[in-house]
Amino acid sequence: MKKLLVALALTAGYAQAGWQLDPAQSSLRFVSVKNDVVAETHSFKQLQGQWADDGQFSVQIPVQSLDTMIPIRNERMLEHLFNASKFPQIKATGTLDTGKIGALKIGAVHSEKVELTLTIVDQTQKVTADISVVKLADNRLLAFTKAPVLVKATDFKLDGGVKKLQDIAKLNRIELVVPVSFDVQFSR
């Protein structure tokens, strides 16, 4: 019985050691540009994620939470671009320097370039993000992009879906490079 209690205590301590993304305090936005001059900001309304004490983090983005402010455009993008029925989430993983972040005083900022492994639909690519982390409290951190991450539709084989959307909307052009920015809070 004593061994069971020790094992449970260790497991509970380990589970609490990691950080959880706070979806109510987190956001992800991206910009699309059509016909070379019309830029529109869109978002995903739901984010989930974890950040382990070893620095590994994982963020999942349910594609059904896409919000372009136009319902028919949401439907078209979910069907023709993200193939949401088959690929229900976008995933980003990477590692942050926990030694430097752990040494931060409340209000202090740590910045670093992070290689993200990004999976959209069935394609996985590496992208670099310039990220800053602010220690908001002993149990709360904010991570955000210092500059937008440029995601290329061609790298993820999304250009066919973009072309389909362009044809449906009778547009001359939809830009294939999409700036993405985020701010996410983690707590434990």
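Data block above holds the structure.
Trainee: How would you summarise the pairing of strand β4 (residues 56–62) if you had to cite specific residues and measurements?
Mentor: Most of β4 sits out of view: six of its seven residues are buried. Here four bridges tie strand β3 (residues 48–51) to β4, and the two strands are oriented antiparallel to one another. Note that in β4 the partner of tryptophan 51 across the bridge is phenylalanine 57. Pairing between β4 and strand β6 (residues 89–95): seven bridges, direction antiparallel. Within β6, the residue paired with proline 62 across the bridge is glutamine 89.

Trainee: Which residues make up the environment of arginine 140, and what values do they have?
Mentor: Here arginine 140 shows up in strand β9 (residues 140–145). Here the side chain of arginine 140 touches glutamine 185 through a polar contact of 2.7 Å, side chain to side chain.

Trainee: Go over the side chain of serine 58, please, and point to the residues and values.
Mentor: By the secondary structure assignment, serine 58 is in strand β4. Since its relative accessible area comes to 13%, serine 58 is described here as buried. Within the structure, serine 58 has its side chain in polar contact with the side chain of glutamine 60 (distance 2.5 Å). Residue contacts for serine 58: discarding those within four places in its chain leaves Gln48, Gly49, Gln50, Lys91, Ala92 and Thr93.

Trainee: Describe the packing of helix α2 (residues 71–81) against helix α4 (residues 159–168), listing the residues and the values that go with them.
Mentor: α4 packs onto α2 with a crossing angle of 145 degrees between their chain directions and a minimal axis gap of 9 Å. In the crossing of α2 with α4, the sense of the turn from one axis to the other is right-handed. Counting all contacts with α2, which are made through Arg76, Met77, His80 and Leu81, the residues of α4 involved are Gly161, Val162, Lys164, Leu165 and Ile168. Taken together, the residues that form the contact of α2 with α4 break down as five nonpolar, two polar and two charged.

Thresholds applied
- Residues numbered from 1 in each chain as written.
- Predicted model: local features only at pLDDT ≥ 70, side-chain atom pairs only at ≥ 80, totals over all residues.
- Heavy atoms only, no water.
- Buried < 20%, exposed > 50% of the residue type's maximum accessible area, 1.4 Å probe, protein only.
- Helix = DSSP H or I, 4+ residues; strand = E, 2+ residues; numbered from the N terminus.
- Pairing = 2+ DSSP bridges.
- Polar contact = N/O pair within 3.5 Å; in protein donor to acceptor, adjacent residues only side chain to side chain.
- Contact = heavy atoms within 4.5 Å.
- Axes fitted to C-alpha atoms, helices over the stretch in contact; angles between N-to-C directions.
- Left-handed = near helix turned anticlockwise from the far one by under 90°.
- Nonpolar A, V, L, I, M, F, W, Y, C, P; charged D, E, K, R; others polar.

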